Amino acid sequence: MLCTFNCPVDTGQTERMADQYAQTGEDKRPTDIPALRWEEPPEGPVLVLLDQTRLPAEEVELVCTDAPALVEAIRSLAVRGAPLLGIAGAYGVALAAVRGYDVDDAANALAGARPTAVNLAVGVRRAHAAYQAALADGGGAPRAAEAALAAARALHREDAEASARMAAHGLALLDELLPGGGHRVLTHCNTGSLVSGGEGTAFAVALAAHRAGRLRRLWVDETRPLLQGARLTAYEAARNGMAYTLLADNAAGSLFAAGEVDAVLIGADRIAADGSVANKVGSYPLAVLARYHHVPFIVVAPVTTLDPDTPDGAAIEVEQRPGYEVTEISVPQVPVTGAGGGVPIAPLGTQAYNPAFDVTPPELVTAIVTEEGVVSPVTAQALAGLGAGAPRRGAAG
């Protein structure tokens, strides 16, 4: 099924598999529709997104023909996940350039669409810088648009490669911390191929353990209020044949108390210079539980998620989302009466506190896994050395 923003698209184009920039490994993605791809139908270039708000009930695509449409898709969480937001932002700049829109305005709007996810701004800046450099070289607008698109495609490809390296480093770390296999891993939110040009971040590590025969159980937090764990991570785990169990977020404590969790694996939307980690709200309580129960708490994220310009967790801007996400619930094919388009589950007028993220301090993080290696213990000095040849934990390879 196809939904279109602002322009019709040839269905033969939109139903094709991901192009070469989105491929990694030998296995299929959990869905036959890629999370994001660039298309060039006769009507003009478009960015095609898998609408993640409709999963798992429907695999529906959104087609964006300009930056405002992409900004709305980002804000509505139709496209989400830190690495994929960076890729989307870069393609959004390219889309504005190729279609002849104001590239500076597009870049500003895209970079500010979600404030906590640093990858979004990084991707936008990369494509925008390529565009401006080509203009400065006298290549003209068409050549500059080509440069922006090339930058977006390169970022897409690099993220797929980074995903594979993170999976390898993460599995090696799990095997070091938990010798003997049979890993029982708890995860929060969604960190699989739906957030990445490859197979994801934290989920990619669990998937690598599954393929190696060393994953005993994947515990999947439902991730209130938007249920990314229930709707998306469970969807990806099922499509990959993994042994998984879904649980209510507030049931995690009983799992720890029963000794049923060997490690926690989460992603990140921003990692401050001191190692503070902003991730989907509910991550910090898991870190506290893990520390009390002596369970490794591992963050998996590409180096683009590291933000040296944000000194510590207190400096991270945490996105506040609409209250109706808490006071209503969206149920497919059920009549809606709520202000946000869902079924009310709280009395009319109820005020809701709805931060999209929380921040985990570095002292509660056992390790941060990136494509460049593993940092443990997590310190500002160790993070600053990533990619600069600094020594790191042996498990990083």
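Residues numbered from 1 in each chain as written. Predicted model: local features only at pLDDT ≥ 70, side-chain atom pairs only at ≥ 80, totals over all residues. Heavy atoms only, no water.

- In the annotation of an unreviewed UniProt entry, the protein is listed under the name Methylthioribose-1-phosphate isomerase and assigned to Streptomyces griseoviridis.
- The record in UniProt for the protein states the following under Function (unreviewed entry): "Catalyzes the interconversion of methylthioribose-1-phosphate (MTR-1-P) into methylthioribulose-1-phosphate (MTRu-1-P)."
- Listed in UniProt under the heading Catalytic activity (unreviewed entry), the comment for the protein reads: "5-(methylsulfanyl)-alpha-D-ribose 1-phosphate = 5-(methylsulfanyl)-D-ribulose 1-phosphate". (UniProt positions renumbered as here; feature names shortened; annotations may be inferred.)

Focus on the overall build of the protein
No. 1: Helix and strand counts for the protein come out as twelve helices and 17 strands.
No. 2: Out of the 397 residues in the protein, the part that is buried amounts to 54%.
No. 3: A separation threshold of at least 6 residues defines the contact pool for the protein, and within that pool the share at least 24 residues apart is 73%.
No. 4: Of the accessible surface of the protein, which amounts to about 15800 Å², a share of 53% is contributed by carbon and sulfur atoms. (Helix = DSSP H or I, 4+ residues; strand = E, 2+ residues; numbered from the N terminus. Buried < 20%, exposed > 50% of the residue type's maximum accessible area, 1.4 Å probe, protein only. Contact = heavy atoms within 4.5 Å. Areas by Shrake-Rupley, 256 points an atom, 1.4 Å probe, with all protein chains shown as cover.)

A look at the pattern of salt bridges
No. 1: In total, this model carries 14 salt bridges according to the counting rule given.
No. 2: With a shortest N-O distance of 2.4 Å, Asp-307 and Arg-270 are connected by a salt bridge. Of this pair, Asp-307 sits in strand 12 (residues 306–307) while Arg-270 sits in strand 9 (residues 270–272), placing them 37 residues apart in sequence.
No. 3: Among the residues examined, Asp-307 registers a relative accessible area of 9% and is labelled buried. (Salt bridge = Lys/Arg side-chain N within 4 Å of Asp/Glu carboxyl O.)

Brief notes about the environment of Pro-347
No. 1: Topologically, Pro-347 is positioned in the loop between strand 14 (343–344) and strand 15 (357–360).
No. 2: Given the relative accessible area of 62%, Pro-347 is considered exposed.
No. 3: Along the sequence, Pro-347 and Glu-328 sit 19 residues apart, while their C-alpha atoms lie 9.9 Å from each other.

Some points on the sheet that holds strand 16 (residues 367–370)
No. 1: The strand order 7-6-5-8-11-16-17 describes an open sheet built from seven strands, whose pairing is mixed. Sheet topology places strand 7 (244–247) and strand 17 (373–375) at the edges, where each strand pairs with a single neighbour. Across the sheet, the mean angle separating the axes of adjacent strands is 25° when strand polarity is ignored.
No. 2: Here helix 8 (residues 228–239) sits on the sheet and contacts strand 5 (183–187), strand 6 (215–221) and strand 7; the angle it forms with strand 6, its principal contact strand, is near 160°.
No. 3: Sitting on the sheet, helix 10 (residues 283–292) touches strand 5, strand 6, strand 8 (263–266) and strand 11 (297–300), and the angle it makes with strand 11 is about 145°. (Pairing = 2+ DSSP bridges. Axes fitted to C-alpha atoms, helices over the stretch in contact; angles between N-to-C directions.)

Re the UniProt feature "site: Transition state stabilizer" (unreviewed entry) in the protein
No. 1: According to UniProt, the feature "site: Transition state stabilizer" (unreviewed entry) maps to Cys-189 in the numbering used here.
No. 2: On the secondary structure map, Cys-189 appears in the loop between strand 5 and helix 7 (202–211).
No. 3: Every residue in contact with Cys-189, bar those within four places of it in the chain, is listed here: Arg-80, Thr-223, Gln-228, Gly-229, Thr-233 and Lys-280.

Observations concerning the environment of Ala-268
No. 1: Mapped onto the elements of the fold, Ala-268 is located in the loop between strand 8 and strand 9.
No. 2: Residue classification places Ala-268 among the buried positions, given a relative accessible area of 8%.
No. 3: Sequence-wise, Ala-268 and Asn-279 are eleven residues apart; in three dimensions their C-alpha atoms are separated by 4.6 Å.

Here we look at helix 3 (residues 82–98)
No. 1: With 17 residues, helix 3 should reach 24 Å at 1.5 Å per residue; the first-to-last C-alpha distance of 25 Å fits that figure.
No. 2: Of all 17 residues in helix 3, 16 are buried; the element is thus mostly enclosed.
No. 3: A positive backbone phi angle near 80° is found at Gly-100, which sits one or two residues after helix 3. (Expected span 1.5 Å × (residues − 1).)

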